[in-house]
Amino acid sequence: MALTLEQLNSASHADAAQMLDGLYEHSPWIAEQALNERPFKSLAHLNHAMCEVLSHAGRDAQLGLIRAHPELAGKAMVSKTLTAESTNEQTKAGLTDCTPEEFAKIQQLNADYNAKFGWPFILAVRGPRGAGYNKQQIIDAFERRLHGHPEFELQECLRNIHRIVEIRLNDKFGVEPTLGHQVWDWQEKLAEHSDPGFAEKGQLTVTYLTDAHRACAQRISHWMKDCGFDEVEIDAVGNVVGRYHPATAGAKYLLTGSHYDTVRNGGKYDGRLGIFVPMACVQQLHQQGKRLPFGIEAVAFAEEEGQRYKATFLGSGALIGDFKPEWLDQKDADGITMRAAMQHAGLCVDDIPKIQRDPAQYLGFVEVHIEQGPVLNAANIPLGVVTSINASVRYQGHVVGTASHAGTTPMHLRRDAACAVAELALYMEQRAAKDGDSVATIGQLNVPNGSINVVPGQCNFSLDLRAPTDAQRDALERDILAKLQTICERRGVHYQLEETMRAAAAPSAPEWQIRWERAVSALGVPLFKLPSGAGHDAMKLHEVMPQAMLFVRGENAGISHNPLESTTSDDMQLCVDAFTHVLNQLATETA
Ligand SMILES: [Zn+2]
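## Comments concerning the overall build of the chain
A tally of regular secondary structure across the chain gives 21 helices and 16 strands. Scaling as 2.2 N^0.38, a compact globule of 591 residues should have a C-alpha radius of gyration of about 25 Å, and the chain matches this with 26 Å. In terms of overall dimensions, the chain has C-alpha extents of about 75 × 70 × 45 Å along its principal axes. Of all intrachain contacts in the chain linking residues separated by at least 6 positions in sequence, the fraction that spans at least 24 positions is 77%. Counting every atom, the chain has about 24,900 Å² of accessible surface; 52% of that belongs to carbon and sulfur. Separation of charge centres in the chain, based on 54 positive and 73 negative side chains, amounts to 2 Å.

Structural data, given as structure tokens:
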């Protein structure tokens, strides 16, 4: 018999502790302490309470918990002395069925890992969907993490333990994140389409209007129809647009969506999550035969990443009338113009102006997106409410000093161009940190034609500065440019700067941000707010209507634009639930 939250909330402390037995390997104290936080609103709430207990328990207790875990395919498995939970997990991952080579490989990894870190390797082997990693995936993760920093690796083990517990909790309570699985499966299936040159290597790359890109559009449009959208079409720039009609004709629509193109060798969730979450919500409404007092328009944007052509945010740009006709003459690496690519895809270039939306017909725009950063993952929090999409500015810089003999030029007589930029980089690091939520990066720094025995006479560099408001970005920029001037004067070098990009902040509309906050709180998930360091389609819609975004935690320290990008079907389920909650709020408000 599966447990219920009501039973857990109303039981005596001892009985409740008994109910949660076996969650943390040989460590019942975590669940026992977390029970002091009862009543729990949801399993996510209980989960977070247990994360908090462990994060406050101190390093010795954390290490004790890690060391209470068996090795993967280790001695305990062979001698059949694993706990029932571990036996189930290791069997599901196929670890009880290793070839002699696989077994030997894993034993070697176990030994190397233990020698380096002093504790066993912990991996939630049932994986992001709960169905189990395959052995190769396990070995790959093992090899990758063997190179980790010990402090990071300790935290990664704890996060994997929490994930193991999350799945064990689902089993205990008979919970399946069905819609999360659905979203996860759509993403897996869509990732079967990848551009030539990448597909062969098992990498995901979908750039504007390639065969793979058009196949994605077809698949998304079919899935939208299956979900019960009333109208589905591929528009003049390749966006897939699904409309779920309101209860009464003429009512406004909620606009939502994200992009389906990817960077080269990218992840499966970036953009696509924001298409499939609203699709799952519409599927649910359709199955319940439910109409809302407003319609839902979900758009799978054809292009956001600027990979094949220089133009970026082309899909969402077209919706606000910001599609520049000169873009049609841009050429890809093979010399194919955008116009030719669009004609080849059967898109009608002349119709592009017609897809500009009238903001008066919309309530606003919401977008869900994988965080693409490490913040939620580090905080053990599945959802984050976005406060603003950061303002940004970029420069290309050039410092000129004097190239001189590295052996004969005394330190105090040098005019070293690279040291000037290095000094600026260190200043930027602490200046941005002072704000707490600004970021400043010198991503390119090179000495043209440098030699090992020559003091750098020139240095080329880039600046990328971002902050949640324009004013904060401007102050950061002012300080950094002033510092550059001071450094260059003192060092007797001079510099040139060219501004290459400037984008205004897109702060979330307060009333829309609050809707996400209410939704997250209602799920029992702790409210966590953060700015978006990356640009998103919502930035474009921001120019014509109120917008607010919700972030979903990424696994593997939130890595993105990388095949390791990942999130779990449990987190996606929470996201679908939060989106549904926002729909219900809007229904109440507009009824
Ligand atoms: Zn994206």
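## Some thoughts on the coordination of the zinc ion
Taken together, the protein ligands of the zinc ion are His259 (NE2), Asp270 (OD) and His369 (NE2), with distances of 2.0 to 2.2 Å. If you list the donors of the zinc ion from N- to C-terminus, the spacing comes out as H-x10-D-x98-H. Within this pair, whereas Asp270 is found in the loop between β3 (253–259) and α13 (273–287), its partner His369 is found in strand β5 (residues 362–370), the two being separated by 99 residues in sequence. His369 carries the same exposure label as Asp270, and that label is buried.

## Considerations on the packing of aromatic side chains
Under the definition given, this model contains eleven aromatic pairs. Here Trp223 and Phe276 contribute two aromatic rings whose centre-to-centre distance is 5.9 Å and whose plane-to-plane angle is 65°, an arrangement assigned as edge-to-face. Separated by 53 residues along the polypeptide, Trp223 in helix α12 (residues 211–227) and Phe276 in helix α13 bring together distant segments of the chain. Like Trp223, the residue Phe276 is buried in the burial classification. Plain terms: the ring middles of Trp516 and Phe579 are 5.9 Å apart, the flat faces sit at 65° to each other, and that makes the pair edge-to-face. One end of the pair, Trp516, is in helix α19 (residues 510–522); the other, Phe579, is in helix α21 (residues 569–590), with 63 residues separating them in the sequence. The class for Phe579 is buried, based on a relative accessible area of 1%.

## Overview of empty space enclosed by the protein
Under the definition given, this model contains one cavity of 30 Å³ or more. Counted as a void, the largest cavity has a volume near 120 Å³. As for the largest cavity, its lining consists of 14 residues, and the residues nearest its centre are Leu72, Glu89, Gln90, Leu123 and Ile164. Elements with a contribution of two residues or more to the lining of the largest cavity: α7 (84–92) and α10 (150–173). Ranked by the residues each element gives to the lining of the largest cavity, the list is headed by α7, at three residues. Of the residues in the lining of the largest cavity, the class split is eight nonpolar, three polar and three charged.

## Quick look at the pattern of salt bridges
A pair can form between side chains of opposite charge whenever their charged atoms are brought close. Counted under the stated rule, the structure contains 37 salt bridges. Glu151 is the salt-bridge partner of Arg59, the closest N and O atoms lying 2.7 Å from each other. Taken together, the residues Arg59 in helix α5 (residues 59–67) and Glu151 in helix α10 connect sequence positions 92 residues apart. We note a salt bridge from Asp464 to Arg466, for which the minimum N-O separation is 2.9 Å. There is no split in this pair, since Asp464 and Arg466 are both buried.

## Quick notes on the pairing of strand β16 (residues 547–552)
Buried residues dominate β16, accounting for six of its six residues. Of the two faces of β16, both are covered, the one formed by Gln547, Met549 and Phe551 as well as the one formed by Ala548, Leu550 and Val552. As paired strands, strand β6 (residues 383–389) and β16 are joined by three bridges and run antiparallel to one another. Bridge pairing in β16 links Gly384 to Phe551.

## Things to note about the pairing of strand β7 (residues 391–400)
Extensive coverage of β7 is indicated by the burial of seven of its ten residues. Relative to strand β13 (residues 494–503), β7 runs antiparallel, the two sharing nine bridges. Bridging across to β13, Val399 finds its partner in Tyr495.

## A short note on helix α9 (residues 135–145)
Those residues of α9 lying buried are Lys135, Ile138, Ile139, Ala141, Phe142 and Arg145. Projected down its long axis, α9 carries its buried residues within an arc of 160°, all on one side. On the buried face of α9, the contacting elements are α8 (100–117) and α10. The residue sitting at the N-terminus of α9 and contributing the capping side-chain oxygen is Asn134; that oxygen lies 3.1 Å from the backbone nitrogen of Gln136.

## Examining the environment of Gly321
Within the secondary structure layout, Gly321 lies in the loop between α14 (314–319) and α15 (338–344). Among the residues examined, Gly321 registers a relative accessible area of 43% and is labelled partly exposed. Linking Gly321 and Ile352, residues 31 residues apart in sequence, is a C-alpha distance of 8.5 Å.

## Focus on the nonpolar core
Ranked by internal contacts, the top residues of the largest apolar core, which has 101 residues, are Tyr208, Ile220, Met279, Phe323, Met338, Met342 and Trp516. Among all residues touching Trp516, those that are not within four sequence positions of it are Val366, Val368, Val385, Ala548, Met549, Leu550, Ala578, Phe579 and Val582. Judged by nonpolar contacts, the second largest core, of 53 residues, contains Leu8, Phe142, Leu154 and Leu169.

## Brief notes about helix α17 (residues 417–435)
The first and last C-alpha atoms of α17 sit 28 Å apart over 19 residues, in line with the 27 Å expected at 1.5 Å per residue. Every buried residue belonging to α17 is among Ala417, Ala418, Ala420, Val421, Leu424, Tyr427, Met428, Arg431 and Ala432, and all of these are buried. On its buried face, α17 sits against β7, β9 (439–441), β10 (445–446), β12 (458–467) and α18 (470–491). Phi turns positive one or two residues past the end of α17, at Gly436, with a value near 90°.

## What to know about the packing of α12 against α13
The contact between α12 and α13 brings their axes to 8 Å, and the two run at 25°. By the angle between their axes, α12 is roughly parallel relative to α13. Residues Ile220, Trp223, Met224 and Cys227 of α12 pack against Ile275, Phe276, Met279, Val282, Gln283 and His286 of α13. In the contact of α12 with α13, the residues fall into eight nonpolar, two polar and no charged.

## Focus on the packing of α17 against α18
For any two helices packed against each other, one specifies the inter-axial angle together with the distance between the axes. Contact geometry of α17 with α18 gives a least axis separation of 10 Å together with a crossing angle of 150°. Taken as axis vectors, α17 and α18 run roughly antiparallel relative to one another. As for the relative orientation of α17 and α18, their crossing is right-handed in sense. Of the residues in α18, those touching α17 at Cys419, Ala420, Glu423, Leu424, Tyr427, Met428, Arg431, Ala432 and Asp435 are Gln472, Ala475, Leu476, Asp479, Ile480, Lys483, Leu484, Ile487, Arg490 and Arg491. Partitioned by chemical class, the residues of the contact of α17 with α18 number eleven nonpolar, one polar and seven charged.

What counts and what doesn't
For every chain, the first residue of the written sequence is number 1, and numbering continues from 1 onward in sequence order. With pLDDT at 70 or above as the cut-off, local features in this predicted model cover only qualifying residues; side-chain atom pairs require 80 or more to be listed or tallied, and sums for whole chains, interfaces and linings still use all residues. To get the side-chain values, take all heavy atoms of the structure and skip hydrogens and water. Numbering goes from the N terminus for both helices and strands, where a helix is a DSSP run of H or I of at least four residues and a strand is a run of E of at least two. Each radius of gyration is computed over the set of C-alpha atoms, and the globule rule expresses the reference value as 2.2 Å times the number of residues to the power 0.38. By definition, residues are in contact when any of their heavy atoms lie within 4.5 Å. In this description, accessible areas are obtained by the Shrake-Rupley approach with a 1.4 Å probe, and a residue is regarded as covered only by the protein chains that are shown. Note that His is not counted, nor are the chain ends; the positive residues are Lys and Arg, and the negative ones are Asp and Glu. By convention, charge coordinates are those of NZ in Lys, CZ in Arg, CG in Asp, or CD in Glu. With water excluded from the atoms, a metal site may look incomplete; its donors are any N, O or S atoms within 2.8 Å, or within 3.2 Å for Na, K and Ca. Relative accessibility decides the category of a residue: with a 1.4 Å probe and only protein chains considered, values under 20% of the type maximum give buried, values over 50% give exposed, and everything between is partly exposed. Each Phe, Tyr or Trp ring (for Trp, its six-membered ring) is paired with any other whose centre lies within 6.5 Å, and the angle between the two planes then decides the class: stacked below 30 degrees, edge-to-face above 60, tilted in between. Only protein atoms enter the 1 Å grid, on which a cavity is a set of points fitting a 1.4 Å probe that cannot get out and a pocket is an open set with protein on both sides within 12 Å along at least 5 of 7 lines, lining residues being those with an atom within 4 Å of a point. Grid points are joined across faces, edges and corners, and a volume is the space filled by probe spheres set on the points. Residue classes follow a fixed rule: Ala, Val, Leu, Ile, Met, Phe, Trp, Tyr, Cys and Pro count as nonpolar, while Asp, Glu, Lys and Arg count as charged, and any other residue, Gly among them, counts as polar. The rule for a salt bridge is simple: a side-chain nitrogen of Lys or Arg has to be within 4 Å of a carboxyl oxygen of Asp or Glu. At least two DSSP bridges between two strands are needed for those strands to be called paired. Within this analysis, the arc is defined by the directions that extend from the helix axis to the C-beta atoms. Polar contact is the term for a pair of N or O atoms within 3.5 Å; when the atoms are in protein, one must be able to donate a hydrogen and the other to accept it, and sequence-neighboring residues count only if both atoms are side-chain atoms. Buried Ala, Val, Leu, Ile, Met, Phe, Trp, Tyr and Cys residues form a nonpolar core when they are joined through side-chain atoms within 4.5 Å. Any helix carries an expected span of 1.5 Å times its number of residues minus one. Fitted lines through C-alpha atoms serve as axes, helices being fitted only where they are in contact, and the angles separating the N-to-C directions of these axes extend from 0 to 180 degrees. For this classification, under 35 degrees means roughly parallel, over 145 means roughly antiparallel, 65 to 115 means roughly perpendicular, and everything else is oblique. Note on convention: near helix rotated counterclockwise from far helix by under a right angle means a left-handed crossing. Clockwise means right-handed.

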